[in-house]
Amino acid sequence: MTATKNNAPLKVGVVGLGWAGQQHLAAFTALDGVEVVALAGMEADVLAKLADSFAVPHAFASWEEMLGLDGLDAVSIAVPTFLHTPIAIAALERGLHVLSEKPIARDGDDAQLMVDAARRAGRVLDVAFNHRRRGDIQALKAIIDDGGLGRPYYAKASWLRRTGIPRLGSWFTNKDMAGGGPMVDIGVHVIDYALHLLGEPKVLSVSAASYAELGPRGRGGSPWDPPATTDFDFEVEDFASAFIRLEGGATLIVEAGWASYRDPADVMDFTVYGTEGGAELRVAGASETPVGKLRVFTEKDGKNADYSPAVVPGGAHHAVIEDFVAAVRGGEDVWPLHDGSLALGRARIIDACYRSAAEHREVEL
Ligand SMILES: NC(=O)c1ccc[n+]([C@@H]2O[C@H](COP(=O)([O-])OP(=O)(O)OC[C@H]3O[C@@H](n4cnc5c(N)ncnc54)[C@H](O)[C@@H]3O)[C@@H](O)[C@H]2O)c1
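A brief look at the structure comes next. (Residues numbered from 1 in each chain as written. Predicted model: local features only at pLDDT ≥ 70, side-chain atom pairs only at ≥ 80, totals over all residues. Heavy atoms only, no water.)

### Remarks on the overall build of the chain
Next up, step 1: Check the secondary structure of the chain and you find 11 helices and 15 strands.
Next up, step 2: Computed over its C-alpha atoms, the radius of gyration of the chain comes to 21 Å, within 12% of the 21 Å expected for a compact globule of 365 residues.
Next up, step 3: Across its three principal axes, the chain shows a C-alpha extent of roughly 65 × 50 × 35 Å.
Next up, step 4: Counting over 365 residues, the chain shows a buried share of 55%.
Next up, step 5: Residue pairs in contact within the chain that sit at least 24 positions apart in sequence constitute 72% of those at least 6 positions apart. (Helix = DSSP H or I, 4+ residues; strand = E, 2+ residues; numbered from the N terminus. Rg over C-alpha atoms; globule rule 2.2 N^0.38 Å. Buried < 20%, exposed > 50% of the residue type's maximum accessible area, 1.4 Å probe, protein only. Contact = heavy atoms within 4.5 Å.)

### Describing helix H4 (residues 84-93)
Given 3.6 residues per helical turn, the α-helix brings residues three or four places apart onto the same face.
Next up, step 1: For H4, the buried fraction is high: eight of the 10 residues fall into the buried class.
Next up, step 2: Here H4 has its buried residues at His84, Thr85, Ile87, Ala88, Ile89, Ala90, Ala91 and Leu92.
Next up, step 3: Taken together, the buried residues of H4 touch strand E1 (10-15), helix H3 (63-67), strand E4 (74-77), strand E5 (97-101) and helix H5 (108-121).
Next up, step 4: Gly95 lies just past H4 and shows a positive phi near 85°.

### Things to note about the sheet that holds E1
Think of a sheet as strands paired side by side through backbone hydrogen bonds, with each pair either parallel or antiparallel.
Next up, step 1: Across the sheet, six strands lie side by side as E3-E2-E1-E4-E5-E6; this open sheet has parallel pairing. Only two strands of the sheet have a single partner each, and these edge strands are strand E3 (58-60) and strand E6 (125-128). Between one strand axis and the next, the sheet turns through 25° on average, direction left out of account.
Next up, step 2: Looking at chain direction, E5 and E6 are connected through four bridges and run parallel. By the bridge assignment, Leu99 is partnered in E6 with Asp126. (Pairing = 2+ DSSP bridges. Axes fitted to C-alpha atoms, helices over the stretch in contact; angles between N-to-C directions.)

### Describing the sheet that holds strand E7 (residues 152-160)
Next up, step 1: Strand order in the open sheet made by the nine strands is E14-E13-E12-E11-E7-E10-E9-E8-E15, with mixed pairing throughout. Across the chains shown, the open sheet's two edge strands, defined by having one partner strand only, are strand E14 (303-304) and strand E15 (363-364).
Next up, step 2: The strands touched by helix H11 (residues 341-359) are strand E8 (203-211), strand E9 (239-246) and E15; relative to E8, the strand with the most contacts, the crossing angle is about 55°.

### Points about the site of the ligand
Next up, step 1: In the region of the ligand, 28 residues are neighbours, and Leu17, Met42, Glu43, Glu101 and Asn130 sit closest.
Next up, step 2: Contact distances for the ligand include 3.4 Å between an oxygen atom and a backbone N or O atom of Trp19.
Next up, step 3: The side chain of Glu43 places a nitrogen or oxygen atom 2.8 Å from an oxygen atom of the ligand.
Next up, step 4: Protein chains bury 89% of the 850 Å² of accessible surface belonging to the ligand in isolation.
Next up, step 5: Each residue belonging to the shell around the ligand can be placed in one class, and the counts come to 14 nonpolar, nine polar and five charged. (Near = heavy atom within 4 Å. Polar contact = N/O pair within 3.5 Å; in protein donor to acceptor, adjacent residues only side chain to side chain. Areas by Shrake-Rupley, 256 points an atom, 1.4 Å probe, with all protein chains shown as cover. Nonpolar A, V, L, I, M, F, W, Y, C, P; charged D, E, K, R; others polar.)

### A few points about the packing of aromatic side chains
Next up, step 1: In this structure the tally under the stated criterion is five aromatic pairs.
Next up, step 2: When the centroid spacing of 5.7 Å and the interplanar angle of 20° are considered together, the rings of Tyr154 and Tyr273 count as stacked. With a gap of 119 residues between them, Tyr154 in strand E7 and Tyr273 in strand E11 (residues 267-274) connect regions that are remote in the sequence.
Next up, step 3: Tyr154 gets classed as partly exposed once you look at its relative accessible area, which sits at 24%.
Next up, step 4: On the basis of relative accessible area, Tyr273 is assigned to the partly exposed category, the value being 38%.
Next up, step 5: For the pair Tyr193 and Phe270, a centre-to-centre distance of 6.4 Å together with 75° between the ring planes defines the contact as edge-to-face. You can see Tyr193 sitting in helix H9 (residues 187-197) and its partner Phe270 sitting in strand E11, a full 77 residues away along the chain.
Next up, step 6: On the basis of relative accessibility, which here comes to 0%, the residue Phe270 falls in the buried class.
Next up, step 7: Positioned above the aromatic ring of Tyr354, the side-chain terminus of Lys175 is 5.6 Å from the ring centre. (Phe/Tyr/Trp six-rings, centres within 6.5 Å; stacked < 30°, edge-to-face > 60°. Lys NZ or Arg CZ within 6 Å of the ring centre and 35° of its normal.)

### Notes on the nonpolar core
Next up, step 1: Counting 89 residues, the largest nonpolar core has Val15, Val75, Ile104, Met183, Ile244, Leu252 and Phe270 as the members making the most contacts within it.
Next up, step 2: Broken down by element, this core gets its largest block of residues, eight residues, from H11.
Next up, step 3: Residues contacting Val75, with those up to four places away along its chain left out, are Gly13, Val15, Met66, Leu67, Ala91, Leu96, His97, Val98 and Leu99.
Next up, step 4: In this structure, Val14, Leu25, Phe28 and Val320 belong to the second largest nonpolar core, which totals 25 residues. (Core = buried A, V, L, I, M, F, W, Y, C linked by side-chain atoms within 4.5 Å.)

### So, the pairing of E8
Next up, step 1: Here E8 runs beside E9; their pairing, made up of eight bridges, is antiparallel. In the sheet register, Ala209 faces E9, and the bridge partner there is Ser241.
Next up, step 2: Examined bridge by bridge, E8 and E15 share two bridges and lie antiparallel to one another. Bridge pairing in E15 places Ser205 opposite Glu364.

### Side note on the pattern of salt bridges
Next up, step 1: If you walk through the whole model with that rule in mind, you get 20 salt bridges.
Next up, step 2: Put simply, Asp145 and Lys141 hold a salt bridge, and the shortest N to O gap is 3.2 Å. Highlighted residues: Asp145 and Lys141, both in helix H6 (residues 135-145), separated by four residues, approximately one helical turn.
Next up, step 3: Lys141 gets classed as buried once you look at its relative accessible area, which sits at 14%.
Next up, step 4: One network of salt bridges, in which partners are shared, links Arg132, Asp192, Glu200 and Arg346. (Salt bridge = Lys/Arg side-chain N within 4 Å of Asp/Glu carboxyl O.)

See the structure below:
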């Protein structure tokens, strides 16, 4: 682990060549003192092209081969969700630091195994929550943390698409591979940024519902991500909502939808009401729009004093990866603070949502 104790470059391997893996690759290679020395993925043409354009010296068809490479310090995992757990555990057991894509795992039990492995190994396990690093969310967080809204007592957060089922018939719509549908895929971002904005209140209970009305009929597939096959079982939900009770009395409503008959814009949003003010953030085009529309509603001398704060774009994946590299470089005192437990908490909330939806009742955490 010399690269984490001196100024030698940090040697990273990235596994996964899809949208997420390419974000990791671009972000790591943009950093000084970091070398992406290995890349793994099953699309031979994409693998060769990316290895060439990012000057990555070692390319592998599988993650197992990549982990056999000597000299790695860290691994970045951007593969189908069911593989996060075995890859992370194998890498941690080899003494490597791990950055995993969200969700940390298919469910809380798999996530717990990863966190246990990180603690045993004494290595970093970070999870990519890139949306909380948006500039609009950070601007709103600063307002809330400054007391600009008083005590938040109600919030609603959603990510909703009209036709946004990622690749019908692929791993995304297979329960065992993905862990679930939009609640675990994009709802995890929504739950993460909502709780982050609200100051990480403890979640007491959830009451959730889930639906699969369009996906099983082959409707709602994303136009930019065509079906993997025409003959498939759709095993997950295509829309879910949850009513979440928080310690201190506040409540949060979460909606996560891949597909429903609604405005065609792919919208991520957050509404919060506090004792001294409220705010609304609306981002149309969640992953592509660097800055959403943020409005703050408050009052001064008994009159409305509403405003739209200036917002700059945030760092998204680049910020996540800078944090990960800083944590690894931070050394043994810092590593235990990055053991994946926040992401494990998100996974437990989502487990409770699915249990609540299946059992038609409120579930306590
Ligand atoms: N943070 C975000 O905003 C964000 C966005 C999209 C996806 N993701 C997450 O990233 C992960 C990947 O999503 P994606 O959309 O890029 O998926 P994808 O299906 O487009 O790509 C998956 C990649 O994993 C590779 N892979 C699969 N099995 C492998 C193996 N055994 N060895 C080596 N490589 C293997 C595939 O070859 C492919 O390159 C998922 O967990 C997803 O939830 C996060």
